[in-house]
Amino acid sequence: MIEIKAPDDYSAHTGKKAVFLAGSIEMGRAERWQDAVVEALAGQDILILNPRRSDWDSSWEQSIKHPQFRQQVEWELKALERADMVLMYFAPDTMAPVTLLEFGLYAKSAPEKLVICCPDGYWRKGNVDITCAMYGVRQVETLEAFTAIAADL
């Protein structure tokens, strides 16, 4: 397993199946669920694209004119396109507006790429559940289930 975090280059790994870890970050306030998924997939021959960058600065202006912020968003959008599978986690204690945006981008256009975990308590669980049912997006109940699916990639 190779893990690449934003904004690092992953272009040298073109032959590997890639998994993008989409989901609650909440500008660093969300639980570090990505770490558990990465650890569980350590033995797999896959590329993990992790948007949770080590040097994130929550003071960055969220503007197209701010170079680091723009770099982050563009990295995420390109990595989502590169991914063979997108594991998307909606943490109950977060709002995750960017995750909802990413969910909207792929729920209808590429539902076969998505695996959603949206536990009870997430503020828009009903919307997520209905959208998954409508477009045939896979849902799992736990973060552990992500790893079982990704291991079969």
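Residues numbered from 1 in each chain as written. Predicted model: local features only at pLDDT ≥ 70, side-chain atom pairs only at ≥ 80, totals over all residues. Heavy atoms only, no water.

(A) Here's a closer look at the sheet that holds strand β4 (residues 85-89). Here we have six strands laid out as an open sheet, ordered β1-β3-β2-β4-β5-β6, and parallel in their pairing. If you trace the sheet from one side to the other, it starts and ends with β1 (2-5) and β6 (138-140), each paired once. Each neighbouring strand pair of the sheet contributes to a mean axis angle of 25°, computed without reference to strand direction. Where β1 meets strand β3 (residues 47-50), four bridges bridge the pair, whose relative direction is parallel. Across the sheet, residue Ile 2 finds its bridge partner in β3, namely Leu 47. (Pairing = 2+ DSSP bridges. Helix = DSSP H or I, 4+ residues; strand = E, 2+ residues; numbered from the N terminus. Axes fitted to C-alpha atoms, helices over the stretch in contact; angles between N-to-C directions.)

(B) Spatial organisation of unusual backbone geometry. Note the cis peptide between Ala 6 and Pro 7, where omega equals 5°. The backbone phi angle of Ala 96 is positive, close to 55°, even though this residue is not glycine. Mapping Ala 96 onto the fold places it in the loop between β4 and α3 (97-107).

(C) View of the packing of helix α1 (residues 33-40) against helix α5 (residues 143-151). Direction vectors running N to C along α1 and α5 enclose 40°, while the axes themselves pass 9 Å from each other. The crossing of α1 and α5 is right-handed. Here Trp 33, Val 37 and Ala 40 of α1 come into contact with α5, specifically with Leu 143, Phe 146 and Thr 147. When grouped by side-chain class, the residues that make up the contact of α1 with α5 number five nonpolar, one polar and no charged. (Left-handed = near helix turned anticlockwise from the far one by under 90°. Contact = heavy atoms within 4.5 Å. Nonpolar A, V, L, I, M, F, W, Y, C, P; charged D, E, K, R; others polar.)

(D) Seen up close, the pairing of β4. Summarising burial for β4: five of the five residues are buried, a large majority. Here β4 shows no split at all, with Met 85, Leu 87 and Tyr 89 on one side and Val 86 and Met 88 on the other all buried. Across five bridges, the pairing between strand β2 (residues 18-23) and β4 is parallel. Of the residues in β4, the one forming a bridge with Leu 21 is Leu 87. By the bridge criterion, four bridges tie β4 to strand β5 (residues 114-117) in an arrangement that is parallel. Along β5, the bridge assignment pairs Leu 87 with Val 115. Handedness of the crossover joining β4 and β5 through α3: right-handed. (Buried < 20%, exposed > 50% of the residue type's maximum accessible area, 1.4 Å probe, protein only. Right-handed = clockwise from strand over helix to strand, strands pointing away.)

All we've got here are geometric facts, nothing functional implied.
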